[in-house]
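Reading the structure
Listed below, chain by chain, are the residues.
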Amino acid sequence: MNSKEVCLLLGATGVGKTLLLKRLQMISLHGSCEMGSPPSTLPTVGTNLTDLTLKKKKVTVREIGGCMGPIWPSYFQDCFSVIFMVDSANIVQISSSCIQLLSVLSAEPLRSASVLILFNKRDMPCIKSLTEIKSLFRMDDIIASAPQPITTLEASARSGQGLREVLSWLESVTVK
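Residues numbered from 1 in each chain as written. Predicted model: local features only at pLDDT ≥ 70, side-chain atom pairs only at ≥ 80, totals over all residues. Heavy atoms only, no water.

Another aspect to go through is the pattern of salt bridges. Tallying each qualifying case throughout the model produces five salt bridges. Of the charged contacts, one joins D87 and K121 as a salt bridge, the two residues approaching to 3.1 Å between their closest N and O atoms. Separated by 34 residues along the polypeptide, D87 in strand β4 (residues 81–87) and K121 in the loop between β5 (114–120) and α3 (130–137) bring together distant segments of the chain. Residues R138 and D141 are paired through a salt bridge, measuring 2.3 Å at the closest nitrogen-oxygen approach. (Salt bridge = Lys/Arg side-chain N within 4 Å of Asp/Glu carboxyl O. Helix = DSSP H or I, 4+ residues; strand = E, 2+ residues; numbered from the N terminus.)

Below, the structure written as structure tokens:
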């Protein structure tokens, strides 16, 4: 597989990676904004590969299960971009997600990869605003110190909110 075609989808267990992938594939194939009810998903053990067509270029998104965190680095060589998902409704998980993200950003093979930090589940009732979550995550410090170009977006894989922006980001880092 050509490294220019692979995007890694990473994040803790239960953040919504599999649902995001299914929703992005539906939009990519059908151009549909009508999401309907969310398809059923199970926690990923291993990897899921999904092809998306963006402006006539195929991109393979490799979702790696959250429980596979210890072996994520073995997949870093083969990618041009990373989508790192955070469950913004789970305040307890924020600190561990931040530590995982810092580990990903410090990996030598990913120094030139484009990174999207996707705050998912924004449709869920939560105590903190996105500004507060970014502050807990220390996003300003992370962006200032990381060698990679970092973009942050908010979305709801469940409702479909923000998914077009995710595809636009993928297009912008892929089709050059």
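Geometry of a packed helix pair, given as the angle between the helix axes and the separation of the axes. Two numbers describe how helix α2 (residues 94–105) lies on α3: the axes approach to 9 Å, and their chain directions differ by 55 degrees. For the element pair α2 / α3, the angle class is oblique. Relative to α3, the crossing made by α2 is right-handed. Within the contact between the two elements, α2 uses I94, S97, C98 and L101 and α3 uses I133, L136 and F137. Residue composition of the contact of α2 with α3, by class: six nonpolar, one polar and no charged. (Axes fitted to C-alpha atoms, helices over the stretch in contact; angles between N-to-C directions. Parallel < 35°, antiparallel > 145°, perpendicular 65-115°, else oblique. Left-handed = near helix turned anticlockwise from the far one by under 90°. Contact = heavy atoms within 4.5 Å. Nonpolar A, V, L, I, M, F, W, Y, C, P; charged D, E, K, R; others polar.)

Quick look at the nonpolar core now. Ranked by internal contacts, the top residues of the largest apolar core, which has 29 residues, are L10 and F137. Each residue touching L10, except ones within four places of it in the same chain, is listed here: K17, I64, W72, F76, V82, I83, F84, M85 and V104. Membership of the second largest hydrophobic core comes to 26 residues, among which are L9, M85, L167 and L170. (Core = buried A, V, L, I, M, F, W, Y, C linked by side-chain atoms within 4.5 Å. Buried < 20%, exposed > 50% of the residue type's maximum accessible area, 1.4 Å probe, protein only.)

Nothing here speaks to function; it is geometry throughout.
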